[in-house]
Amino acid sequence: MRLHYLLLGLGQASGCRLPAEKPSDNSQSDYVILGAGPAGYVLATRLSEDPTVTVILLEAGPDGSGDRNMYTPGFAGRLQNSPYVWNYTSQPDPRRGGIAPRFPQGHALGGGTSVNFMSYSRGAASVYDQWASDSGNERLAFHHLFEQFERSTNLTVPSPTDYKHAAAPGAYGDGPVQVSYEWVATDTEPYFGDAMAASMSQPVHLLDPATGHHIGRVNGGPHTIDLQTGRRSSAQVAYGMILSLRQNVNIITRAEATKIDIQNRQAVSVQYVAHDDQTNHTISARREIIVSAGAIGSPKLLMLSGLGPRDHLQELGIPVVKEIPEMGNNLHNHHNAITMSQISEDIITAFKLRINASLLAEAEAEYEATGRGPLSEILTSSYVTERPSDEFLDSINATFHKALPIDRPLLFYGYTTSPLLPNPGNVNVMSAFVCLLQPEAPGYVRLASADYRDAPLIFSNYWGSDADFALVLYGYKKLRGVMASDILAPIVLQELYPGPDAQTDEEVTQAMLDSAWSFNHPTGTCSLGRVLDPRFRISGIGGLRVVDTSVFPYQPTSHTSGPTYAVAELAAKIIKEEWY
């Protein structure tokens, strides 16, 4: 199936045009794409289908494809403080008592899809319908975008399984990103899923989060893991296989774009630094420059290039090319509050694999021989989403959340078998968390200086409205009760965090604030309808587009890799329509 797709993707020659040669001097190309995350890889793949067109894809990070920590699902946790992420930190967050939360982002070929925990989802359909309305591009509506979701993915479901699931093969296509469900349920199932479902006031139905429905329970996947090999299916692996056959594409790693040169309202070239030798280079674009550096990197680069809030740029001494007040605004992210419990020692967890050398060696041998076993999974099988009742939303004055379409979940309950906090006694653990999926209060991104080497200032503003905060606290208390429930009693021995000393509302609230971490799903900072026109362009600047999570007008109720692939597929189609 994959080989068939690759052969179809070799490109279609038009007329008698000769194929372009691979860009060799890296001084000019038809398209210059800045950022080799999921959007960058999709764009490079689709735009290079015409063999007469040249594409250069720049990536600031390295190529980690040969690193077993990157391709082995069970080692995903090792990547979080690695050279494959930008180790950003938010500014001190007032709602979290001045804590400065970590804000890591992908910094390698494949971007976030090379370092994430491989969950695949699309979320509620109404989010995409809102995108279409807010942007003026009707093709972003879910029923239109569905074709692009199919175009990017390919689903494999083992049969039989020892767990119930709702995999929906009809929601996927014959695309390069391999999506799968697990061979067997993990040892923590069905306990967690059953306990969470039992805590809800309404029946909880199994669902596949690729169908446009997202209130309910997900079991066994889907994950961007190739079931045949047991390896991560990142953008680099999936779309990179196609690009490796193309002579008209050049991918340059460790090349950080520092400025886009704009002359007479036309983006003409890109300046970048080669990190291997710290030399400066310029690439000219004959057609377009496409910024795909993510919700933090894209506004940073555009502001360094003179596109953004006038006062901010002038304060830093950056000449204003075009005033764009909304550049860097509308930042949203998915932020979690954590509980941690000790669980039975006989359960294989990510933590046990980390501390038990013989168990790890056994798992590694199985993985190398068969592509299966604990290292072929992320060791977390299920999650449950909830939309609290209107009565509860009224009680916390959550008018924003109540007004959202009824297909949208507001809270996500999941877990991992790694300690997300200090682990007293090095006991076997299960960390459970609750995430606010539809935050009301946005944050924003600004430059720290005019020097590209300085990390941007990220004002995350997590749980920034009173209703946001109240919703997370409601979910945190529920989660804590679930982890102490009779359904989980066969595997849960005791609560480690917050622990038995946290009894009052004030103590529980403080524990929630002290423990929180992020899914690292930032969106919205160059959003369609605010910064961009319906065709991903900055109005009044020719030859320049933005395509990545920064263009999302509002946060999806899902993980962001799936929507990013689909949006990039659509953007590539729009670009090709304009040039042919």
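To keep things clear, this report deals only with the structure shown in the data block. Not measured: the values here are computed from a predicted model.

## Brief notes about the packing of helix α2 (residues 38-47) against helix α16 (residues 561-579)
- Direction vectors running N to C along α2 and α16 enclose 35°, while the axes themselves pass 8 Å from each other. Like other packed secondary-structure pairs, α2 and α16 cross with a definite hand, here right-handed. Facing α2, whose interface residues are Pro38, Ala39, Val42, Leu43, Arg46 and Leu47, α16 presents Thr564, Tyr565, Ala568, Glu569, Ala571, Ala572, Ile575 and Lys576.
- A per-class count over the contact of α2 with α16 returns 10 nonpolar, one polar and three charged.

## Quick notes on the pattern of salt bridges
- By the definition in use, this model includes 26 salt bridges.
- With its nearest N and O atoms 2.7 Å apart, the salt bridge here joins glutamate 288 to arginine 545. One end of the pair, glutamate 288, is in strand β13 (residues 279-291); the other, arginine 545, is in strand β24 (residues 544-546), and 257 residues separate them in sequence. When sorted by exposure, glutamate 288 lands in the same class as arginine 545, which is buried.
- The salt bridge partner of arginine 537 is aspartate 533, with a shortest N-O separation of 2.8 Å.
- Overlapping salt bridges, with partners in common, bring together Arg139, Glu288, Asp533, Arg535, Arg537, Arg545, Glu577 and Glu578 in one network.

## Quick notes on the packing of aromatic side chains
- This model, assessed by the stated rule, comprises 19 aromatic pairs.
- Ring centres of tyrosine 239 and tyrosine 565 lie 5.9 Å apart, and the angle between their planes is 20°; on these two criteria the pair is classed as stacked. Residue tyrosine 239 is located in helix α7 (residues 235-243), and its partner tyrosine 565 is located in helix α16; the two are separated by 326 residues in the primary sequence.
- Residue tyrosine 565 is classed as buried on the basis of its relative accessible area, which comes to 1%.
- A ring pair is formed by phenylalanine 433 and phenylalanine 519, whose centres lie 5.6 Å apart and whose planes are at 85°; its orientation type is edge-to-face. Highlighted residues: phenylalanine 433 in strand β19 (residues 429-436) and phenylalanine 519 in the loop between β23 (517-518) and β24, separated in sequence by 86 residues. The exposure classification of phenylalanine 433 matches that of phenylalanine 519, with both residues buried.
- Following the ring pairs from residue to residue traces out a cluster consisting of Tyr128, Trp131, Phe142, Phe146, Phe149 and Phe552.

Definitions and limits used
Residues numbered from 1 in each chain as written. Predicted model: local features only at pLDDT ≥ 70, side-chain atom pairs only at ≥ 80, totals over all residues. Heavy atoms only, no water. Axes fitted to C-alpha atoms, helices over the stretch in contact; angles between N-to-C directions. Helix = DSSP H or I, 4+ residues; strand = E, 2+ residues; numbered from the N terminus. Left-handed = near helix turned anticlockwise from the far one by under 90°. Contact = heavy atoms within 4.5 Å. Nonpolar A, V, L, I, M, F, W, Y, C, P; charged D, E, K, R; others polar. Salt bridge = Lys/Arg side-chain N within 4 Å of Asp/Glu carboxyl O. Buried < 20%, exposed > 50% of the residue type's maximum accessible area, 1.4 Å probe, protein only. Phe/Tyr/Trp six-rings, centres within 6.5 Å; stacked < 30°, edge-to-face > 60°.

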